[in-house]
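Reading the structure
For reference, the chains in residue letters:
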Amino acid sequence: MYLNIHTHHIEADEAIIQVENLIIDSEISDEIWIKPIENSLPNQFFSAGLHPWYLKEGQLEADLTLLKKILAHPKVLFLGECGLDKICQTDWTFQINVFKTQIQIAEEFKKPMVIHCVRAFSEIIQIKKLLRPRLPWLIHGFNNNEQILKQLIQHQLYISLGSALLQDKSNASRLITSIPIKQLFLETDDKNCTISSIFVAASKQLEVDVEYLQEKIYSNFKQIV
């Protein structure tokens, strides 16, 4: 089966294991969040987190309360996406504080984390070294340079690649062979593409069969959830 570790658009295909991302907002009623989780397909799972783009100081307490309620559902496998973003408008100190709070929640609920990171990889690594979380972290949508990739791999983060693999000259395409296969995932994120096309592109870059890649990535999935 194909495994899509991070998506905002569910494909109508029961042969795909899909992890749909929920960006938590407590201004929307609990029922709106819980109902689609309870009515989801057997191979459809979820991640849930407070995204740095949408953080609001005035509703943080309510957002965190809702997040904890959603994380308690057995079909919610990951906390995220959450993280740090230096080019968004959200106050930087507030971003860091909320990220650290979500790390504590992930540890409490025993959920691996899906991390959104823009120009803040050194801070992500520094916080990981400081807090020493027990649960795995996954950087989603990686398309950065080799030096950053080496640091992430060294600090035992999982790396998820997405639509950048469809561009031959992207960093993701160029560096995929540098990622240990035991730390690799694939995703569609919010892009208008299929997970099968991402797998085909990755298999070509790695010079392996798609079926081999499906098996290895599913094994990684079972290791962390």
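Above this text is the structure in question.
Note that the coordinates shown come from a computational prediction; the quantities given were computed from them, not determined experimentally. (Residues numbered from 1 in each chain as written. Predicted model: local features only at pLDDT ≥ 70, side-chain atom pairs only at ≥ 80, totals over all residues. Heavy atoms only, no water.)

1. Some words on the overall build of the chain
As a reminder, the rule being used: In this text, helices come from DSSP runs of H or I with a minimum length of four residues, and strands from runs of E with a minimum of two, each type numbered from the N-terminal end. What the globule rule says is 2.2 Å times the number of residues to the power 0.38, and the radius of gyration is computed from C-alpha atoms. The classification of residues rests on relative accessible area computed with a 1.4 Å probe and restricted to protein chains. Under 20% of the type maximum is buried, over 50% is exposed, and intermediate values are partly exposed. Each accessible area is a Shrake-Rupley result for a 1.4 Å probe, and residues are judged covered by the shown protein chains and nothing else. Residues counted as positive are Lys and Arg, residues counted as negative are Asp and Glu, and His and the chain ends are not counted. Just so you know, the charge point we use is NZ for Lys, CZ for Arg, CG for Asp and CD for Glu.
Helix and strand content of the chain: eight helices and eight strands. The C-alpha radius of gyration computed for the chain amounts to 17 Å, which stays within 12% of the reference 17 Å derived for 225 residues, consistent with globular compactness. In terms of principal-axis extent, the alpha carbons of the chain reach across some 50 × 40 × 30 Å. Buried positions account for 54% of the 225 residues belonging to the chain. A total accessible area of about 11000 Å² is found for the chain, and carbon and sulfur atoms account for 48% of it. Of the side-chain charges in the chain, 22 are positive and 27 negative, and the distance between the mean point of each set is 8 Å.

2. Let's talk about the pairing of strand β2 (residues 16-23)
This is how it is decided: At least two DSSP bridges between two strands are needed for those strands to be called paired. For crossovers, right-handed means that the path from the first strand over the helix to the second runs clockwise, given strands pointing away from the viewer.
In terms of burial, β2 is largely enclosed, as seven of its eight residues are buried. Here strand β1 (residues 2-7) runs beside β2; their pairing, made up of four bridges, is parallel. Across the sheet, the residue bridging to L3 is I17, located in β2. Handedness of the β2-helix α1 (residues 30-38)-strand β3 (residues 44-49) crossover: right-handed.

3. Considerations on the side chain of D25
We apply this condition: When a carboxyl oxygen of Asp or Glu lies within 4 Å of a side-chain nitrogen of Lys or Arg, that pair is called a salt bridge. Under the rule applied, a polar contact is a pair of N or O atoms within 3.5 Å (in protein, one hydrogen donor and one hydrogen acceptor; residues adjacent in sequence only if both atoms are side-chain atoms). Every residue pair with non-hydrogen atoms within 4.5 Å of one another is taken to be in contact.
Residue placement: D25 occurs in the loop between β2 and α1. Buried charge without a salt bridge: D25, with K56 as the nearest opposite-charge side chain at an N-O distance of 4.3 Å. Side chain to side chain, D25 and Q59 meet in a polar contact 2.9 Å long. The residues touching D25, leaving out its near neighbours within four places in the chain, are W33, K56, Q59, D63 and L66.

4. Considering the nonpolar core
Threshold: Joining through side-chain atoms within 4.5 Å is the link that ties buried Ala, Val, Leu, Ile, Met, Phe, Trp, Tyr and Cys residues into a set, and such a set is a nonpolar core.
Counting 75 residues, the largest nonpolar core has F99, L161 and L186 as the members making the most contacts within it. Ranked by residues supplied to this core, first place goes to helix α3 (residues 92-109) with seven residues. Discounting residues that sit within four places of it in the chain, L161 has contacts with F142, A172, I176, I179, L184, F185, L186, E187 and I198.

5. Considering the packing of aromatic side chains
Aromatic rings considered in pairs are described by the distance between their centres and by the relative angle of their planes. The condition that has to hold: Each Phe, Tyr or Trp ring (for Trp, its six-membered ring) is paired with any other whose centre lies within 6.5 Å, and the angle between the two planes then decides the class: stacked below 30 degrees, edge-to-face above 60, tilted in between. Note on criteria: charge over ring means Lys NZ or Arg CZ within 6 Å of the ring centre, with the direction from the centre no more than 35 degrees off the ring normal.
In the structure shown here, the tally under the stated rule is six aromatic pairs. Geometrically, the ring pair formed by F121 and F142 is edge-to-face, given 6.1 Å between the ring centres and 70 degrees between the ring planes. Taken together, the positions of F121 in helix α4 (residues 121-131) and F142 in the loop between β6 (137-139) and α5 (146-154) put the pair 21 residues apart, joining distant regions of the chain. Owing to a relative accessible area of 7%, F121 belongs among the buried residues under this scheme. Residue F142 is classed as buried on the basis of its relative accessible area of 2%. Ring plane angle 50 degrees and centroid distance 5.6 Å describe the contact between Y158 and F185, whose orientation is recorded as tilted. Within this pair, whereas Y158 is found in strand β7 (residues 158-161), its partner F185 is found in strand β8 (residues 184-186), the two being separated by 27 residues in sequence. For the cation-ring pair, K128 lies above W137, with the distance from its terminal atom to the ring centre recorded as 6.0 Å.

6. Things to note about the environment of C82
The residue C82 is located in strand β4 (residues 76-85) in this model. Exposure remark for C82: the relative accessible area of 0% places this residue in the buried category. Considering only alpha carbons, one finds C82 and G49, 33 residues apart in sequence, at a separation of 5.6 Å.

7. Description of the environment of I176
Within the element layout of this structure, I176 appears in the loop between α6 (171-175) and β8. Residue classification places I176 among the buried residues on the basis of a relative accessible area of 0%. Expressed as a C-alpha distance, the spacing of I176 and S160, which sit 16 residues apart in the sequence, is 9.9 Å. The residues touching I176, leaving out its near neighbours within four places in the chain, are L161, L165, L184, A202, Q205 and L206.

8. Description of helix α2 (residues 60-71)
So the rule is basically this: Multiplying one less than the number of residues by 1.5 Å gives the expected span of a helix. Note: the arc covers the axis-to-C-beta directions of the helix.
Relative to the 16 Å expected for 12 residues at 1.5 Å per residue, α2 spans 16 Å between its end C-alpha atoms, a close match to the ideal helical length. For α2, the set of buried residues is L60, D63, L64, L66, L67, I70 and L71. Around the axis of α2, the buried residues are gathered within 165 degrees of arc, so they sit on the same side. Residues of α2 that are exposed and angled more than 90 degrees away from the buried face: E61 and T65.

These figures come from the coordinates and say nothing about function on their own.
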